[in-house]
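# Results of the structural survey
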Amino acid sequence: MRIAASYLSIKDNLEENIYKLTSCDIDYLHVDVMDGEFVPSKTMEYSDLRNALNDCKPFDVHLMVCDVKKYIDLYKDLKPTFITFHYETNCDIMSLVMYVKEHNINVGLAINPDTKVESIMPYLPFVDLVLVMSVFPGKGGQEFIKTTVDKIKKLKEIKNNYAYSYLIEVDGGINIDTISLVKDVDISVIGSYITNGDYEERLKNIKEKIYGWYFIRNRNIDANSDWKHGKKIY
Ligand code: DX5
Ligand code: ZN
């Protein structure tokens, strides 16, 4: 399981703390983007954020916005590993999926806790990632919604049955306890659990737990086996 760290709950010294976070042992920096329309909150403008993000780790951009294309056009220049947008926008999903891919960026589709997996069936053959929201989008520090567990299971079954290639990512309320409920995901977004404490120590606690599962599942497995020649596959 890879870790995408969200800095959404960091209130002070953002630039300095993003740097501190990306110096830790994380796989992606999870960049939450909110427009004050799709969700009531608004995140920092791209122009103010760009410098802080420039030399950081690989990014995973999570767009919680209505005008998806406008934000793809901004964030594509940072060369993120993934750009993920919400199924619940009124946009033409399929053309946006293709638009992100045209820029050689992996595309993700996110679903809110009250959206059924069945709703996104037509898009599953084409996306690189499905982001399952385990809280309603808008802010960090909320409680994990347990019905998410069944949705992850369903997405995993569909993926296996149809041999689809999307990764499954979970976002919201993940901490040292709830991470055990989402063992099957490929990427866990973790925000306030890390940023409300000592970053290194919190990550170490989470990683020890993850490596523990790998060890139990197969004593010979290398927990970092998704690395190839020193580089992540994605
Ligand atoms: C919620 C965001 C999440 C959030 C996760 O709208 O998409 O990425 O920052 O934060 P925690 O881990 O605190 O729930
Ligand atoms: Zn997010």
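Preceding this section is the structure that the text describes.
The notes below deal with the structure included here. (Residues numbered from 1 in each chain as written. Chains lettered and ligands numbered in written order. Predicted model: local features only at pLDDT ≥ 70, side-chain atom pairs only at ≥ 80, totals over all residues. Heavy atoms only, no water.)

### Examining the coordination of the zinc ion (ligand 2)
Each protein donor to the zinc ion (ligand 2) is listed here as H30 (NE2), D32 (OD), H62 (ND1) and D171 (OD); together their distances run 2.1 to 2.3 Å. Positions of the donor residues of the zinc ion (ligand 2) along the chain correspond to the pattern H-x1-D-x29-H-x108-D. Of this pair, H62 sits in strand β3 (residues 59-64) while D171 sits in strand β7 (residues 167-171); the two residues are 109 residues apart in sequence, bridging distant segments of the chain. Given the relative accessible area of 0%, H62 is considered buried. (Donors = N, O, S within 2.8 Å, 3.2 Å for Na, K, Ca; no water. Helix = DSSP H or I, 4+ residues; strand = E, 2+ residues; numbered from the N terminus. Buried < 20%, exposed > 50% of the residue type's maximum accessible area, 1.4 Å probe, protein only.)

### Some words on the pairing of β7
β7 sits mainly inside the fold: five of its five residues count as buried. Both faces of β7 are covered, namely the face carrying L167, E169 and D171 and the face carrying I168 and V170. Following the chain from strand β6 (residues 129-133) across helix α5 (residues 148-162) to the adjacent parallel β7, one finds a crossover that is right-handed. As paired elements, β7 and strand β8 (residues 187-190) share three bridges and run parallel to each other. Residue pairing in the sheet places D171 in a bridge with V189 of β8. (Right-handed = clockwise from strand over helix to strand, strands pointing away. Pairing = 2+ DSSP bridges.)

### Here we look at the sheet that holds β8
With parallel pairing, eight strands are arranged side by side around a closed barrel as β1-β2-β3-β4-β5-β6-β7-β8. Across this sheet, the average inter-strand angle for adjacent strands is 25°, counted without regard to direction. Packed onto the sheet, helix α3 (residues 68-75) meets β2 (28-34), β3 and β4 (82-86) and runs at close to 155° relative to β3. (Axes fitted to C-alpha atoms, helices over the stretch in contact; angles between N-to-C directions. Contact = heavy atoms within 4.5 Å.)

### Focus: helix α1 (residues 14-22)
Given 3.6 residues per turn, any residue in an α-helix points the same way as the ones three and four places further on. Considered for burial, the residues of α1 that qualify are L14, N17, I18, L21 and T22. Seen end-on, α1 carries its buried residues on one side only, within an arc spanning 135°. Facing away from the buried side of α1 by over 90 degrees, the exposed positions are E15, E16 and Y19. (Arc of directions from axis to C-beta.)

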